[in-house]
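A look at the structure
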Amino acid sequence: MYNQFRKDFPILNSTFHGKPLIYLDNAATSQKPNSVLKAEGEYYQKHNANPYRGLYELSVEATDAYERARKVAAEFIHADNPSEVIFTKNTTEALNLIAYSYGRSVLNSGDEIVLSISEHHSNIIPWQQAAKEKGAVLTYLYLNEEGHILEEDLEKKITENTKIVSVAHVSNVLGTIHPIEKIIQKAHSVGAVVVLDTAQGIPHYPVDVKQLDVDFLVFSGHKMLAPMGIGVLYGKEKLLNAMPPFLTGGEMIEYVSEQVATFAPLPHKFEAGTPNVGGAVGLAAAMEYINQIGYETIQKTEEELTGYALEELNKLWDITIYGDKANNGKRSGVISFNVDGIHPHDTASILDGDGIAIRAGHHCAQPLMKYLKVPATCRISFYFYNTKEEIDLFIQSLKKVRRWLGYGN
Ligand code: 7TS
């Protein structure tokens, strides 16, 4: 299958162990196209200075580049106002910001925070910490055999006691696309606020914060073609305005005296210290690249790859796939599996020998692993630059695992 996008990604020409790289770990981080590398490089070559501080032209250029990136990000998620976009380091920092600032302001003893059992640790631990401090309780939405949230849990577990519902758009382990519209509706019907972790969603699916009416949205640039070290927290203006700052220091103040300080308006109140301007410029270039390709093409390519991979994996007698085994529009191109009786680290090492990069482990989702009753899984995850030929080579290499490690008992 010819893939017109591969030429934009220089790293895809690499070889490992003498074999061409087959990169199937896109859920961990995506590769970066030339346009993103160029945008970030040009920023440092031509416009780099500390933004906001200088009265000289170069600093104004840096400020403009940063604020332009914020505007691009706001438009990308259909936010009303660029001030509702706070740049963070990544999804983890954005979730911590919400849990520290919003969570600790609103939570009281006995309040409930609802998560799904498939959350990444970065959408669990910040809430555990806030709950511990405030006497709140975490409640989990569990999954059916296909990895989808149980209807009855959705009905039962979001209640008058629920103050916050924080869920992933797409699971980083099972690839399940969660019913986010339904979750948001249900949460709002009991007066709860919704945090949507779209770290695994927005690289593949369009997200419209207005249409969803979501209260907070978080994601990382590095999973959607942008450099590492830049992420986004979107929040409704009213909520952000009422929240206390998270990190404090330079850039986020209005006036400081010996004993007290007043804080800058949005978005600066939440952006203490020198920001990652190069990263933000790279993120804007990544969003422009995605817009240029179009989500439709991205989705179509990935659905084809996912369907083909599931079909080929389902043919193998010794493979267990976790979550949805059908390519039915309710799952993304993240597939978790195990070769029966073989430790996932052994599988990943054998594949690495053929230049194939996959993930093996608990994927920072230990509560889900416990729920699935497995210590770890192998995981492949696609992006639009992957090909069917890569899947064929992956399957061939996977067949080696059984031949090399034997047939067990
Ligand atoms: N939320 C989800 C759903 C994720 O998949 C990840 C990272 C995070 C939050 C945290 O993102 P970060 O950029 O702050 O680290 N997921 C993975 C993964 O599945 N493999 O490596 C990182």
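What counts, and where the lines are drawn
Residues numbered from 1 in each chain as written. Predicted model: local features only at pLDDT ≥ 70, side-chain atom pairs only at ≥ 80, totals over all residues. Heavy atoms only, no water. Helix = DSSP H or I, 4+ residues; strand = E, 2+ residues; numbered from the N terminus. Rg over C-alpha atoms; globule rule 2.2 N^0.38 Å. Buried < 20%, exposed > 50% of the residue type's maximum accessible area, 1.4 Å probe, protein only. Lys, Arg positive; Asp, Glu negative; His and termini not counted. Charge placed at Lys NZ, Arg CZ, Asp CG, Glu CD. Patch = residues over 30% accessible without salt bridge, like charges linked within 9 Å, V, L, I, M, F, W, Y side chains within 5 Å. Areas by Shrake-Rupley, 256 points an atom, 1.4 Å probe, with all protein chains shown as cover. Salt bridge = Lys/Arg side-chain N within 4 Å of Asp/Glu carboxyl O. Phe/Tyr/Trp six-rings, centres within 6.5 Å; stacked < 30°, edge-to-face > 60°. Lys NZ or Arg CZ within 6 Å of the ring centre and 35° of its normal. Contact = heavy atoms within 4.5 Å. Arc of directions from axis to C-beta. Pairing = 2+ DSSP bridges. Axes fitted to C-alpha atoms, helices over the stretch in contact; angles between N-to-C directions. Near = heavy atom within 4 Å. Polar contact = N/O pair within 3.5 Å; in protein donor to acceptor, adjacent residues only side chain to side chain. Parallel < 35°, antiparallel > 145°, perpendicular 65-115°, else oblique. Left-handed = near helix turned anticlockwise from the far one by under 90°.

1. Re the overall build of the protein chain
Broken down by element type, the protein chain carries 13 helices and 17 strands. Its C-alpha atoms give the protein chain a radius of gyration of 22 Å, within 12% of the compact-globule value 22 Å for 409 residues. Counting only C-alpha atoms, the protein chain reaches 70 × 55 × 35 Å along its principal axes. In the protein chain, which comprises 409 residues, the proportion classed as buried is 57%. If the 38 positive side-chain charges of the protein chain are averaged to one point and the 49 negative ones to another, these points end up 4 Å apart.

2. Details of a nonpolar patch on the surface
Taken together, the side chains of Ile253, Val256 and Phe263 make up a nonpolar region of the molecular surface, amounting to roughly 230 Å² of accessible area. In this structure, Val256 sits in strand β11 (residues 253-256).

3. Quick look at the packing of aromatic side chains
Scanning all chains against the criterion turns up 16 aromatic pairs. Taking the centre distance of 5.5 Å and the plane angle of 65° together, the rings of Tyr383 and Tyr385 count as edge-to-face. As far as burial versus exposure is concerned, Tyr383 and Tyr385 are alike and both buried. Here the aromatic cluster, defined as three or more aromatic residues joined through ring pairs, consists of Phe5, Phe9, Tyr289, Tyr383, Phe384 and Tyr385. Over the face of the ring belonging to Tyr100 we find Arg104, whose NZ or CZ atom lies 3.9 Å from the ring centre. One cation-aromatic arrangement involves Lys388 over Tyr308; the distance from NZ or CZ to the ring centre is 5.1 Å.

4. Observations concerning the side chain of Thr139
Residue placement: Thr139 occurs in strand β6 (residues 137-141). Residue classification places Thr139 among the buried positions, given a relative accessible area of 16%. Not counting the four nearest positions on each side in its chain, Thr139 is found in contact with Glu112, Ile113, Val114, Leu115 and Lys157.

5. Let's talk about the environment of His120
In this fold, His120 is placed in the loop between β5 (112-116) and α4 (125-134). Sequence separation between His120 and Asn172 is 52 residues; the distance between their C-alpha atoms is 7.2 Å. The residues contacting His120, other than those within four sequence positions of it, are Asn172, His363 and Cys364.

6. Brief notes about α4
Of the residues making up α4, those classed as buried are Pro126, Trp127, Ala130 and Ala131. Mapping the buried residues of α4 onto a view down its axis gives an arc of 130°, with all of them on the same face. Relative to its buried face, α4 has exposed residues pointing more than 90 degrees away, namely Lys132 and Glu133. Along its buried surface, α4 packs onto α3 (91-106), β5, β6, β7 (162-168) and β8 (193-197). Just past α4, the residue Gly135 takes up positive phi, approximately 75°.

7. Remarks on the sheet that holds β8
Spatially, β4-β10-β9-β8-β7-β5-β6 is the arrangement adopted by the 7 strands of the open sheet, whose pairing is mixed. The open sheet is flanked by β4 (85-88) and β6, the only strands paired with a single partner. Each adjacent strand pair in this sheet contributes to an overall mean axis angle of 20°, direction not counted. Two strands pair when backbone bridges link them, and strand β9 (residues 216-220) and strand β10 (residues 231-235) are joined in this way by 5 bridges, in the antiparallel orientation. Residue pairing for β10: Phe216 is matched across the bridge by Gly235. Contacts from α4 reach β5, β6, β7 and β8, with the element oriented near 145° to β6.

8. Details of the side chain of Ser381
When you line up the elements, Ser381 lands in strand β17 (residues 377-381). Here Ser381 falls in the buried class, since its relative accessible area comes to 1%. Ser381 has contacts with Leu24, Asp25, Asn26, Ala27, Gly333, Val334 and Asn386, leaving out every residue within four places of it along the chain.

9. Structural notes on the site of the ligand
The ligand sits among 16 residues. The nearest are Thr92, Asp197, Gln200, Ser220 and Arg379. A distance of 2.5 Å separates a nitrogen atom of the ligand from a polar side-chain atom of Asp197. Within the side chain of Gln200, an N or O atom sits 2.7 Å from an oxygen atom of the ligand. Relative to its free-state accessible area of 490 Å², the ligand is covered by the protein chains to the extent of 90%.

10. Examining the pairing of β17
With 5 of 5 residues buried, β17 lies mostly within the body of the structure. Residue alternation in β17 divides its side chains into two sets, Thr377, Arg379 and Ser381 and Cys378 and Ile380, and both sets are buried. In this sheet, β17 lies alongside strand β14 (residues 334-339) in antiparallel orientation, the contact comprising 4 bridges. Note on β17: the bridge partner recorded for Val334 is Ser381. Alignment of strand β16 (residues 359-361) against β17, held across 3 bridges, turns out to be antiparallel. Across the sheet, the residue bridging to Arg359 is Arg379, located in β17.

11. A word on the packing of α3 against α4
Look at α3 against α4: their axes get within 9 Å of each other, and the N-to-C directions meet at 20°. In terms of their interaxial angle, α3 and α4 are classed as roughly parallel. Considering only the axes of α3 and α4, their crossing is right-handed. Contact residues: Leu95, Asn96, Ile98, Ala99, Gly103 and Arg104 in α3; Pro126, Trp127, Gln129, Ala130, Glu133 and Lys134 in α4.

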